[in-house]
Amino acid sequence: MGKDDKELEKVNLDTESSNNPEADQNAARTERVLQVLKEDSNILGDYIQNDAEAKRELGVYQQEVRGILEGSKEKIDAEIVDRAQRDIYFADEVEKMAKGEEFNAPALAGVLERRMWGSFFNNLKKGDTVISFLVPGADFLSIKNLNDKIFGPQITNRIIEQKRIVLEQKIKEVDPNASLARSDYNIEVIQTSKDPAVYNKQLEKVMTEVDREITKFIEVIIDKLIEKERESLEPFIIKRAEHQFIDKNAKKSNDELIKKYEDNINKWDQFKQELLGTLNGKPTKGGFRMNYGLAVVEGNEAKDQLLALNHSLQTSRVAREKRGEIYGAEYSENKNLQEVENIKNLRDEIIKSGNKITDLDGNEFTIFLPVPVEGATNRYTLDRDLLRDVRKGKFKIVDKSLLEKVVLYIKRLNILDAVKPFIYAETKTVGENIERFHELAEKIKNQELSDEDRQKAADILRSDEKAPEYTSKSEFHKRAAAMEDAVYVSMDVLDLGVDLLLEYESALQDVENAPSDKKLEKFNEVSLVAGDETTKKLREFRKEVVRVYKEEFGLGDGLVVGEVGGDELTLAIDIKDLMKGEVDEKQKEEKLNKLLFALKKATNTRVIKTVVSETEKHVSNESDQHGRVEAHLKAIKRAEAGASIAKDLEEAARKLTRLLNRLGKEAVTEKLDGLREVFMIEGNEVKSNFVIMDNDGGFKIANGDDGEFNYNSIKKDLDAILGKKEY
Amino acid sequence: MEEIQKEITELLGKIVFFEPEFKKEILQKMPQLEEARLYELKRILLEVQDWQTNFVKKKIAADPNFYDMIMEAKHKADRAIIEVYKQKFEDEDHKKMEIILNKIRSL
């Protein structure tokens with residue numbers, strides 16, 4: 001180090017007096033380094049390139065800047081582009097492994113080990129303790145709300161990451177041997193060999209600290225966002241105050257900008273108040289209250305491991321719905337059975353109070369419908385339409401007290417909510433597969449792969465965990481982004497959440513109706529298979545899509561290029577593959593139309609209904625990877641927007657059906673207007689058969705009879721029916 | 001608008017982790033941006049500036065050799081420049097000497 005540098009350090013230390021000389025020295029050195037790099041950034045060399053985290057974070061900023069320079073209205077969040085590029089990087093590493101080249105062994109081995117909850121099932125033994133932590137149940141803290149409305153994906157990911165870090169850190173302070181078996185936004189699962197009694201009082205303290213730290217973390221983020229937004233707002237406020245406008249349009253633009261900034265500030269301010277429990281001046285508990293449930297593994301079989309996981313989750317869910325002072329508890333058979341009893345009592349209370357609820361449109365619903373079952377006592381099921389609207393927060397009513405009871409009933413049904421990506425009957429096969437994945441992962445880590453192993457591992461990693469006929473997410477992004485001309489088809493299975501809850505409701509009534517001494521056994525039995533019927537429906541849907549894709553249209557070669565979500569599926573189809581080489585625009589439209597309706601027909605059954613929408617993407621072969629990935633993600637986003645329009649149309653059909661049953665055919669015909677070609681009245685139902693298609697940046701609706709019309713032309717009528725104004 | 005463009009130009013000067021070509025691209029496209037986007041751009045660049053300060057601070061705290069490595073690299077670069085100039089002066093001196101010697105030889 002030269003003499004000048006030491007002098008500079010000394011000067012800086014002299015001007016910044018503090019009680020922490022080390023911190024002062026670091027601050028001075030930071031300034032010095034930045035000054036040096038400003039003069040010659042080449043000095044840093046490959047330092048940033050070799051620091052993966054720094055490279056990624058810097059990349060996200062660069063993408064944000066690019067987004068501003070390009071002024072694109074269709075903006076893809078930089079974090080999402082970054083994630084897709086990391087997926088493609090992963091898929092490239094799988095390719096390298098398959099070819100026998102050097103590859104990122106730890107990354108690939110890690111994913112193999114975690115497949116199908118592998119790391120959880122492999123490490124759990126009799127006597128181990130499982131602790132599940134649930135994210136707060138408040139709607140404003142849901143990942144959808146944080147991602148889509150409040151913060152966007154980048155900040156939401158930081159919160160998710162911080163939650164994991166803080167929770168793991170606090171747990172390890174109690175038990176250094178605890179390990180994180182599973183982590184996503186909604187649920188963290190920790191496993192440990194320690195005696196649960198060790199955790200008893202300590203977990204409440206841990207959760208209090210986690211609550212406090214994460215609440216503070218989010219609060220600081222909000223304060224910074226508001227501060228920056230106010231800084232951005234200031235020049236426009238000044239302009240308005242000083243009347244610095246050339247003309248009316250300039251003033252209008254300025255006012256719009258001010259509104260945009262103020263709306264953001266108000267949104268974040270309100271969110272912060274909800275978080276701190278100070279909204280509307282009425283203090284509530286507030287905070288980022290995660291709930292926990294603790295259970296012990298009773299045996300060494302997969303069934304015992306699953307039961308322990310279920311018990312821990314059920315306990316945390318009960319604690320969440322209780323909204324009491326404590327954050328969670330240890331699993332108790334009695335408490336679970338008591339909860340089943342509570343659910344029954346709540347249902348009985350609602351039935352006794354009249355069992356009817358009327359929305360603002362005047363539609364009356366019978367809340368619980370009797371289910372005739374041979375030899376059984378009374379069984380009931382929630383009205384499907386009511387359940388759907390209440391779940392989505394769309395049920396509007398004046399007197400909310402009855403609605404709150406229905407909401408609570410629905411939330412309590414989630415006690416059976418399962419997380420396993422397979423059905424219970426497959427447990428043995430899944431266990432064998434997990435063993436296989438684990439062995440391959442070890443071979444990867446120890447660099448002991450044979451050629452056959454390489455192909456096996458690559459095949460596994462390229463295919464989706466839940467639906468192995470489809471590509472994995474990373475493989476989907478890699479293959480789809482590489483297509484120059486592609487069609488994206490977005491398909492959503494309707495009412496999957498509704499079906500799941502009805503399945504839970506039925507299962508819980510099986511427990512209610514079991515003899516007293518068999519109730520616990522029945523509860524455990526239903527909890528192991530909870531969700532399996534809905535999983536089977538989803539598999540049937542995905543199987544039909546594969547059949548249409550491969551057998552009816554001869555598409556693809558090997559895996560279906562698709563991204564498998566929960567109830568969504570997005571396909572990417574190379575136009576050359578669709579047209580088998582020759583691309584005539586008219587023929588392409590016809591073929592596409594046939595494909596979409598074939599998919600709709602195959603997947604719309606008595607038990608499943610789907611919506612189908614499509615967009616197109618065209619990139620030049622000179623585009624760089626960043627450009628290709630952005631175009632790919634934009635096409636997906638637009639296909640999802642199309643699916644959203646399709647869901648609106650389905651919802652309109654349901655509302656029109658209710659109107660039909662309440663006021664008759666004439667009332668419906670009056671409302672149909674521009675939607676006559678989309679909907680038809682059949683008996684006591686209003687039905688529809690349509691797909692949504694790309695239309696040069698907009699959307700068109702194609703019905704099954706070769707009719708097509710622009711979405712914008714029917715939007716107003718559709719909005720009117722959807723209750724955006726009353727009718 | 002000129003004021004904020006000036007601020008953005010100054011910020012870009014302080015941001016050391018963007019490639020020179022990227023900074024050039026920003027400066028070229030900046031005049032075409034509407035006011036709201038300029039403010040948005042400034043906001044992001046301020047964040048990048050914060051990020052780079054925190055990055056360097058963390059590196060210095062975590063890696064004892066980082067600071068010395070940067071300073072050593074700087075001195076090496078300075079020495080290299082000095083050597084180039086020294087060589088240049090020596091070459092020029094050598095040329096002058098050659099001219100004088102040639103003149104003497106010719107006498």
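Residues numbered from 1 in each chain as written. Chains lettered and ligands numbered in written order. Predicted model: local features only at pLDDT ≥ 70, side-chain atom pairs only at ≥ 80, totals over all residues. Heavy atoms only, no water.

Engineer: What exactly am I supposed to notice about the side chain of Arg658 of chain A here?
Structural biologist: Residue and element names in this part refer to chain A. Mapping Arg658 onto the fold places it in helix α24 (residues 625-663). With relative accessibility at 12%, the residue Arg658 sits in the buried group. The residues touching Arg658, leaving out its near neighbours within four places in the chain, are Asn363, Phe365, Asp385 and Asp389. (Helix = DSSP H or I, 4+ residues; strand = E, 2+ residues; numbered from the N terminus. Buried < 20%, exposed > 50% of the residue type's maximum accessible area, 1.4 Å probe, protein only. Contact = heavy atoms within 4.5 Å.)

Engineer: Just checking my understanding: could you explain unusual backbone geometry for this structure?
Structural biologist: All names here are of chain A. The phi dihedral of Met116 falls on the positive side, at around 55°, and the residue is not glycine. One can find Met116 in the loop between α6 (105-114) and α7 (118-123). Despite not being glycine, Gln447 has its phi angle at roughly 55°, a positive value. Along the chain, Gln447 turns up in the loop between α16 (427-445) and α17 (451-462).

Engineer: Is there a simple way to explain the confidence of the model for chain A in this structure?
Structural biologist: Averaged over every residue, the pLDDT of chain A is 86; residues scoring 70 or more account for 93%. Low pLDDT, under 50, characterises residues 1-17 of chain A; the stretch is placed with 24 contacts to residues that sit more than four places away or in other chains. (pLDDT = per-residue confidence, 0-100.)

Engineer: How should the interface of chain A and chain B be read in this particular structure?
Structural biologist: Many authors give the size of an interface as the accessible area that is lost as the parts come together. Across the contact, 41 residues belong to chain A and 41 residues belong to chain B. Across the chain A to chain B interface the summed buried area is about 4100 Å²; carbon plus sulfur atoms make up 71%. Across the contact surface, chain A and chain B share one salt bridge. The residue Lys228 of chain A makes a salt bridge to Glu47 of chain B at a minimum N-O spacing of 4.0 Å. Remark: the boundary between chain A and chain B carries zero residue pairs in polar contact (both at pLDDT 80 or more). Residue contributions to the side of chain A that touches chain B peak at eleven residues, all from helix α4 (residues 52-70) of chain A. (Buried area = accessible area lost by both parts, 1.4 Å probe. Salt bridge = Lys/Arg side-chain N within 4 Å of Asp/Glu carboxyl O. Polar contact = N/O pair within 3.5 Å; in protein donor to acceptor, adjacent residues only side chain to side chain.)

Engineer: So what exactly am I meant to see when it comes to the packing of helix α5 (residues 78-99) of chain A against helix α18 (residues 473-482) of chain A here?
Structural biologist: When two helices pack together, their arrangement is given by the angle between their axes and by how far apart the axes lie. Residue and element names in this part refer to chain A. Following both chains from N to C, one finds α5 and α18 inclined at 95°, their axes separated by 8 Å at the closest point. Our classification of the angle between α5 and α18 gives roughly perpendicular. In contact with Ala84, Asp87, Ile88, Phe90, Ala91, Asp92 and Glu95 of α5, α18 contributes Lys473, Ser474, Glu475, His477, Lys478 and Ala481. Grouping the constituent residues of the contact of α5 with α18 by class yields five nonpolar, two polar and six charged. (Axes fitted to C-alpha atoms, helices over the stretch in contact; angles between N-to-C directions. Parallel < 35°, antiparallel > 145°, perpendicular 65-115°, else oblique. Nonpolar A, V, L, I, M, F, W, Y, C, P; charged D, E, K, R; others polar.)

Engineer: It is not clear to me how a nonpolar patch on the surface should be interpreted in this structure. Could you clarify?
Structural biologist: Residues and elements named next belong to chain B. A grouping of Met97, Ile100, Leu101 and Ile104 is seen on the molecular surface, where their side chains present a nonpolar patch of about 360 Å² in accessible area. Structurally, Ile100 is set in helix α4 (residues 64-106). You can call Ile100 partly exposed: its relative accessible area is 46%. (Patch = residues over 30% accessible without salt bridge, like charges linked within 9 Å, V, L, I, M, F, W, Y side chains within 5 Å. Areas by Shrake-Rupley, 256 points an atom, 1.4 Å probe, with all protein chains shown as cover.)

Engineer: Help me understand a negative patch on the surface in this model?
Structural biologist: All names here are of chain B. Among the surface-exposed residues, Glu90, Asp91, Glu92 and Asp93 lie close enough to one another that they form a single negatively charged patch. Within the secondary structure, Glu90 sits in helix α4. Judged by relative accessible area, Glu90 falls into the partly exposed class, the value being 46%. (Lys, Arg positive; Asp, Glu negative; His and termini not counted. Charge placed at Lys NZ, Arg CZ, Asp CG, Glu CD.)

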